[in-house]
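Results of the structural survey
Given next are the chains, with one letter for each unit.
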Amino acid sequence: MHAVTEDEEKWLAAGITGLQQNAFYMHRALDSNNLKDALKYSAQMLSELRTSRLSPQKYYELYMRAFDELRKLEMFFREETKRGCSVVELYELVQHAGNILPRLYLLCTVGSVYIKSKEAPAKDILKDLVEMSRGIQHPLRGLFLRSYLSQVSRDKLPDLGSEYEGDADTVSDAVEFVLQNFTEMNKLWVRMQHQGPAREKEKREKERSELRDLVGKNLHVLSQIEGVDLDMYRETVLPRILEQVVNCKDEIAQGYLMDCIIQVFPDEYHLQTLETLLGAFPQLQPSVDIKMVLSRLMERLSNYAASSADVLPEFFQVEAFAKLSSAISKVIEAQDDMPVFGVVTLYSSLLTFTLQVHPDRLDYVDQILGACVKKLSGKGKLEDNKSRKQIVALLSAPLEKYNDIDTALKLSNYPNVMEYLDDGTKKEMASVIIQSIMKNKSLISTSEKVEALFELIKGLIKDLEENLLELDEEDFHEEQNSVARLIQMLHNDDPEEMLKIITTVKKHILTGGAKRLPFTVPPLIFNSLKLIRRLQNQEETVADEDASATPRKIFQLLNQIIEALSSVPKPELALRLYLQCAEAADDCDLEPVAYEFFTQAYLLYEEEISDSKSQVTAMHLIIGTLQRMHVFGVENRDTLTHKATGYSAKLLKKPDQCRAVYACSHLFWVDDQDSIKDGERVLLCLKRALRIANAVQQMANATRGSSGSVLLFIEILNKYLYFFEKGVTQITVASVQSLIELITNEMQGENSTSDPTADAFFASTLRFIQFQKDKGGAVGERYEAIKL
Amino acid sequence: MASRRRMLLKVIILGDSGVGKTSLMNQYVNRKFSNQYKATIGADFLTKEVQFEDRLYTLQIWDTAGQERFQSLGVAFYRGADCCVLVYDVNVMKSFENLNNWREEFLLQASPSDPENFPFIVLGNKVDIDGGNSRVISEKKAKAWCASKGNIPYFETSAKEGFNVEAAFQCIARNALKNEPEEELYLPDTIDVSGGQQQRSTGCEC
Ligand SMILES: Nc1nc2c(ncn2[C@@H]2O[C@H](COP(=O)(O)OP(=O)(O)OP(=O)(O)O)[C@@H](O)[C@H]2O)c(=O)[nH]1
Ligand SMILES: [Mg+2]
């Protein structure tokens with residue numbers, strides 16, 4: 001292979017040298033106005049193009065050099081005619097060149113000057129040239145010669161408004177010339193396929209593919225002819241091109257030229273001749289990549305439709321959708337073995353087209369999806385990556401277009417297509433759907449839609465058949481967080497419907513398994529609590545007796561949902577949620593409900609939460625929530641506070657016990673509740689905390705011979721001060737005073753170690769006392785009694 | 001030097017598909033514009049006579065296909081270019097981002113002897129669209145890029161309205177003219193001594 005290219009470089013170099021050598025003498029002849037020599041050397045120079053050794057791209061290099069030289073010759077010819085040499089004579093003269101290829105190049109070059117001179121009608125000269133070019137039947141050489149002809153005649157076609165326009169219908173002469181050149185070039189190009197040994201097929205196809213633009217160029221030239229209006233395109237140009245394309249029966253030519261037609265001619269023309277154009281497809285060789293060409297056509301038309309609303313009537317007028325849709329079905333039907341990728345690509349393009357042209361025709365969209373399902377149903381799940389990507393594109397298109405999941409949910413075939421996705425792709429699609437909802441902040445407002453939506457995104461909601469082994473933890477979290485955000489977003493103003501939505505979501509997420517529940521349960525609980533709050537605000541105005549959306553009923557539901565977490569198990573999370581619900585129930589004045597939630601929380605605390613750190617956190621949550629509860633009667637409250645203090649005293653570590661116990665003091669004295677003002681028990685809690693702090697200190701003394709954490713004492717002192725200021729009579733000046741002394745001694749004691757935190761804390765506590773003293777008024781008076 | 005070569009100025013227009021290369025050329029050469037998009041296949045040129053200091057030059061303007069699949073034969077026609085015009089659409093980011101690729105590809109394939117000083121010109125086309133409201137590339141940004149590539153002249157154009165097209169091509173022609181032609185000096189090796197001298201003297205005359 002390498003040797004071949006090396007040889008080729010050598011041949012090219014030799015060709016260039018030969019060419020330059022003759023060009024050199026040609027220049028001399030031109031400079032000395034020696035026509036005879038100019039012709040001689042230019043013909044010799046052009047002989048280099050007779051080589052058969054170069055690949056198309058190399059030949060093109062050589063050709064370009066000759067081409068540049070011929071421009072100089074052309075200028076010379078023009079000057080000659082100005083000096084009085086007859087162009088007709090020149091045209092005759094160059095025909096004496098010995099070899100046919102140089103002769104024809106020279107002829108084309110003089111022909112160009114001839115046309116410019118207007119001494120004969122352009123049409124006649126062009127006709128002559130295009131006919132004579134038949135003399136070259138070697139494909140490569142013929143193709144380049146003819147593209148030379150095409151190039152030099154490019155600005156001399158007798159087009160409308162051109163200076164070469166004749167009297168009668170010369171546009172069709174121009175068209176005829178280009179069409180004829182095109183036809184001949186295509187024939188040469190196709191013939192290449194059948195020349196040479198079979199083993200060189202690949203090489204030949206590569207060469208042909210390099211040459212294709214020479215053939216296609218003619219179509220570009222046709223499209224640039226001003227006089228080719230719609231009528232002429234419909235009546236002559238398109239039928240003639242298609243005839244050549246169909247009849248050549250060559251796979252490479254057909255695929256390429258169809259693509260060219262589509263790209264080169266304007267959209268309006270395609271729309272007005274859609275039937276003819278599409279009619280050609282079934283006549284092409286079965287191996288032509290029709291789906292590619294068709295989808296490019298649809299892409300083009302979609303862009304056209306998108307360019308301006310003014311053009312849409314054109315589409316309706318010619319019933320473009322119906323035509324494209326039927327053409328696609330025919331192609332798919334005819335090519336029974338078309339791979340899934342091809343099918344999906346076609347439908348995908350048609351869908352894009354439809355969304356652009358008929359955004360209001362959901363039925364069309366659904367129809368396309370339906371057709372897709374029908375085709376997929378025979379093939380089972382998609383296996384290859386390309387098809388999967390294509391189907392994701394297909395399903396994403398309506399979401400992007402409508403910016404609204406609502407519309408997609410109306411498409412009955414949408415979930416059916418999803419069914420054919422493998423689990424990974426299902427998940428990917430589910431993410432796309434959720435992202436679209438987030439991006440557009442779409443409201444999904446009925447339980448029916450929620451049901452449909454969760455059915456669509458079930459790839460994220462529960463384990464599908466494939467297992468989760470390969471799942472990346474981070475990806476999983478991200479996915480589930482997006483589901484959580486989705487749940488949070490669901491809303492309907494009507495409480496009844498909202499309750500239905502909640503019930504629907506509950507049904508779906510409970511299938512999610514232990515890994516998902518911790519992500520999905522909390523947002524559902526919070527969303528439900530929002531509803532409860534709404535109801536509670538309403539209840540004062542309307543009390544609908546038969547309503548099913550009552551706080552009580554919803555709380556029941558929530559209880560069940562939280563209970564599901566027990567299987568995970570995530571007792572800390574469940575406890576937190578129970579307490580949240582309890583607080584909400586408190587707001588709704590539902591004592592038994594609130595009590596029930598507390599009971600559940602306590603149960604979890606006793607039976608499930610065993611880690612000491614979690615216990616501490618849980619305990620403080622319980623105490624904090626309980627403190628805020630208003631709804632409990634004396635009896636229930638007693639039971640709950642009693643237990644809470646009991647749990648506190650039983651925490652594993654003494655300092656934790658101490659802190660929890662003094663926190664419990666707040667359970668007995670709540671500012672805004674007159675019934676909870678039990679100074680005795682506040683004092684009991686604080687004393688108990690002191691005892692524990694003492695024990696901590698003694699233990700520390702025993703083990704390390706140094707004073708234990710004086711911090712606990714200072715913390716308790718602050719509690720004392722709090723209740724003292726509130727006017728709890730059981731908290732006496734004396735008790736505060738003695739506590740201060742105790743701490744002072746402790747800190748100055750012989751075996752005390754310095755603790756900067758404690759020092760600072762104590763100092764600021766004392767400063768606080770002083771500050772309160774200085775305040776004067778009732779507070780100042782109270783503090784007055786404390787001596788520092 | 002009044003060689004024939006110097007009377008012909010070769011210009012190559014490059015840029016992404018749809019930016020308006022063909023439209024600019026048609027506007028300049030034929031004063032015509034069409035809203036229809038007709039993709040270009042391969043490469044070819046139109047010529048236009050321009051006058052400079054009492055001398056007539058022929059501008060050979062090569063229009064190329066922006067779509068890669070319609071450029072199957074390679075770019076042998078870059079050879080001998082005197083100026084390269086890079087076009088982008090001021091409303092399409094990608095077309096601006098690709099300018100550099102087009103420029104580098106040109107330098108690589110045409111391999112001019114002095115790439116640093118080879119004349120390029122950048123055109124930001126379609127400034128008419130939406131009264132400029134749908135622009136995504138500001139004039140400032142485009143100029144900054146041009147400045148960073150050795151002070152490439154920059155024009156904002158509309159092929160549709162003919163805005164700045166003439167001025168841009170004037171500049172193109174002027175810069176093409178400034179470009180030193182790279183005639184490969186060819187001396188036939190079979191030439192005799194007297195012929196050699198003769199050759200030299202002809203060389204001086206032109
Ligand atoms: N509004 C507006 N449209 C333009 C302008 N220039 C070109 N167009 C349109 O843009 C589309 C593409 O223009 P072309 O000149 O064919 O683009 P191109 O760069 O030659 O494209 P390729 O041949 O594919 O490389 C056509 O529909 C033109 O009508 C302009 O200045 N303003
Ligand atoms: Mg073009």
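Analysis parameters
- Along every chain, residues carry numbers that run from 1 in the direction the sequence is written.
- Here every chain gets a letter starting at A, and every ligand a number starting at 1, in the order they are written.
- This being a predicted model, a pLDDT of at least 70 is required before a residue's local features are given, and a value of 80 or more before pairs of side-chain atoms are given or counted; all residues contribute to the totals for chains, interfaces and linings.
- Values shown for side chains rest on all heavy atoms present in the structure; no hydrogens or waters enter the calculation.
- Paired strands are those between which DSSP finds at least two bridges.
- Only DSSP runs of H or I with at least four residues qualify as helices, and only runs of E with at least two residues qualify as strands; both kinds are numbered from the N terminus onward.
- Note on definitions: angles span 0 to 180 degrees between N-to-C directions of axes, and those axes are lines fitted to C-alpha atoms, for helices only across the stretch in contact.
- Summary of the burial criterion: residues with accessible area below 20% of their type's maximum are buried, those above 50% are exposed, and those between are partly exposed, where the area comes from a 1.4 Å probe applied to protein chains only.
- Throughout, a residue-residue contact means that at least one pair of heavy atoms, one from each residue, lies within 4.5 Å.
- To estimate how far a helix should extend, the number of its residues minus one is multiplied by 1.5 Å.
- Fitting one axis to the seven residues ending at a residue and another to the seven starting there, the bend at that residue is the angle between the two axes.
- Two cysteine sulfur atoms form a disulfide, by the criterion used here, when they sit within 2.5 Å.
- Coordination here is defined by N, O and S atoms within 2.8 Å of the metal (3.2 Å for Na, K and Ca), and since water is not considered, a site can look incomplete.
- Summed over both partners, the accessible area lost on bringing two parts together, with a 1.4 Å probe, is the buried area.
- A pairing counts as a salt bridge when a side-chain nitrogen of Lys or Arg comes within 4 Å of a carboxyl oxygen of Asp or Glu.
- Polar contact criterion, stated in full: a pair of N or O atoms within 3.5 Å, where within protein one must be able to donate a hydrogen and the other to accept it, and residues adjacent in sequence count only if both atoms are side-chain atoms.
- The source of the domain bounds is an automatic or database domain assignment.
- Here a residue is near a molecule or strand as soon as one of its heavy atoms is found within 4 Å of it.
- Surface accessibility in these figures is a Shrake-Rupley result with a 1.4 Å probe; residues are shielded only by whichever protein chains are displayed.
- Classification convention: Asp, Glu, Lys, Arg as charged; Ala, Val, Leu, Ile, Met, Phe, Trp, Tyr, Cys, Pro as nonpolar; all other residues, Gly among them, as polar.
- Nonpolar core, defined: a set of buried Ala, Val, Leu, Ile, Met, Phe, Trp, Tyr and Cys residues in which side-chain atoms within 4.5 Å join the residues together.
- By construction, the arc corresponds to the directions joining the helix axis to the C-beta atoms.

So, on to the sheet that holds strand E2 (residues 43-52) of chain B. All names here are of chain B. On the basis of which strands lie adjacent, the open sheet formed by six strands has the order E2-E3-E1-E4-E5-E6 and mixed pairing. For this open sheet the edge positions go to E2 and strand E6 (154-156), each flanked by a neighbour on one side alone. Across the sheet, the axes of successive neighbouring strands diverge by a mean angle of 25°, strand direction being ignored.

With that settled, the discussion passes to the side chain of Asn186(A). All names here are of chain A. Inspection of the secondary structure assignment puts Asn186 in helix H8 (residues 170-192). On the basis of relative accessible area, Asn186 is assigned to the buried category, the value being 0%. Once residues lying within four places of it in the same chain are set aside, the contact partners of Asn186 are Val215, Gln244, Cys248, Ala253 and Leu257.

All right, on to helix H9 (residues 201-224) of chain A then. All names here are of chain A. With 24 residues, H9 should cover 34 Å at 1.5 Å per step; its first-to-last C-alpha distance of 35 Å lies within 8% of that length. Of all the bends in H9, the largest measures some 40° and sits at Leu211. Among the 24 residues of H9, 17 are classified as buried, and the element is accordingly described as predominantly covered.

Attention shifts here to the state of the cysteines. All names here are of chain A. The full count for this structure, using the stated rule, is zero disulfides over all chains. Summary of cysteine pairing: Cys248 is not part of a disulfide, and the nearest cysteine sulfur, belonging to Cys260, is at 12 Å. Counting only cysteine sulfurs, Cys588 is the nearest neighbor of Cys581, a cysteine outside any disulfide, at a range of 11 Å.

All names here are of chain B. Summarising the metal site, the magnesium ion (ligand 2) is bound by the protein donors Thr22 (OG1) and Thr40 (OG1), whose distances to it range over 1.9 to 2.0 Å. Residue Thr22 is found in helix H2 (residues 21-30), and its partner Thr40 is found in the loop between H2 and E2; the two are separated by 18 residues along the sequence. Thr40 shares its class with Thr22; the two are buried.

In this assembly, 48 residues from chain A lie in contact with 40 residues from chain B. Interface of chain A and chain B: buried area, both sides summed, is about 4000 Å²; carbon and sulfur atoms make up 51% of it. The largest contributions to the chain A side of the interface with chain B come from Phe24(A), Tyr60(A) and Asp213(A), which together make up 14% of the buried area. A salt bridge links Asp259(A) to Arg69(B); the shortest N-O distance between them is 2.6 Å. Taken together, the connections running from chain A to chain B amount to 17 residue pairs in polar contact (both at pLDDT 80 or more). For the side of chain A that touches chain B, the secondary structure elements donating two or more residues are helix H1 (2-31), helix H3 (56-82), helix H7 (139-153), H9, helix H11 (251-264), helix H12 (267-272) and helix H14 (290-307) of chain A. For the side of chain A that touches chain B, the element with the highest residue contribution is H3(A), accounting for 13 residues.

This next bit is on the side chain of Arg71(A). Examined against the element boundaries, Arg71(A) turns out to sit in helix H3. Setting aside its immediate chain neighbours within four residues, Arg71(A) contacts Tyr148(A), Val152(A), Leu8(B), Phe45(B) and Gln60(B).

Time to look at the domain arrangement of chain A. On domain assignment, one finds that chain A holds domain 1 (1-120), domain 2 (122-265), domain 3 (269-382) and domain 4 (610-784). Put simply, the middle of domain 1 of chain A and the middle of domain 4 of chain A, counted by C-alpha atoms, are 108 Å apart.

This next bit is on the site of ligand 1. All names here are of chain B. Around ligand 1, 26 residues are found, and the nearest of them are Lys21, Ser23, Tyr37, Gly66 and Asp128. Within the side chain of Ser23, one N or O atom sits 2.6 Å away from an oxygen atom of ligand 1. Between ligand 1 and Asp128, the relevant distance is 2.6 Å, taken from a nitrogen atom to a side-chain nitrogen or oxygen of the residue. Out of a free accessible area of 650 Å², ligand 1 has 93% covered by protein chains. In terms of residue count, the dominant contributor to the shell around ligand 1 is H2 (three residues). Split into classes, the residues belonging to the shell around ligand 1 amount to seven nonpolar, 13 polar and six charged.

Moving on: the pairing of strand E3 (residues 55-64) of chain B. In summary, the side chains of a regular strand alternate between the two faces of the sheet. Residue and element names in this part refer to chain B. Taken across its 10 residues, E3 has eight buried, putting it largely inside the fold. Two strands pair when backbone bridges link them, and strand E1 (residues 8-15) and E3 are joined in this way by six bridges, in the parallel orientation. Residue pairing for E3: Leu9 is matched across the bridge by Leu59. Between the end of E2 and the start of E3, which pair antiparallel, lie two residues, with Glu53 showing a positive phi angle near 45°.

Further remarks concern the nonpolar core. Of all hydrophobic cores here, the largest spans 311 residues; its most connected members are Phe315(A), Tyr414(A), Ile433(A), Phe555(A) and Phe106(B). Counting residues per element, this core draws most heavily on H8(A), at 12 residues. Once residues within four sequence positions are removed from consideration, Phe106(B) is found in contact with Ile12(B), Leu14(B), Tyr78(B), Ala81(B), Cys84(B), Ser111(B), Phe118(B) and Phe120(B). Of all hydrophobic cores here, the second largest spans 28 residues; its members include Val29(B), Leu46(B), Ala159(B) and Val165(B).

This next bit is on the pattern of salt bridges. All names here are of chain A. In the structure shown here, the tally under the stated rule is 46 salt bridges over all chains. Note that Arg71 is salt-bridged to Glu74, the shortest N-O span being 2.6 Å. One end of the pair, Arg71, and the other, Glu74, are both in helix H3, three residues apart, so they sit about a helical turn from each other. For Glu80, the salt bridge goes to Arg83, with nearest N and O atoms at 2.5 Å. Note on Arg83: relative accessible area 45%, which makes it partly exposed. Counted as one network, the salt bridges with shared partners bring together Glu9, Lys58 and Glu61.

The next point concerns helix H4 (residues 99-110) of chain B. All names here are of chain B. Between its first and last C-alpha atoms H4 spans 16 Å; for 12 residues at 1.5 Å apiece the expected length is 16 Å, and the two agree. For H4, the full list of buried residues reads Leu99, Asn100, Trp102, Arg103, Phe106, Leu107 and Ala110. Around the axis of H4, the buried residues are gathered within 165° of arc, so they sit on the same side. Buried-residue contacts for H4 involve E1, strand E4 (83-89), helix H3 (93-97), strand E5 (120-125) and helix H5 (139-148).

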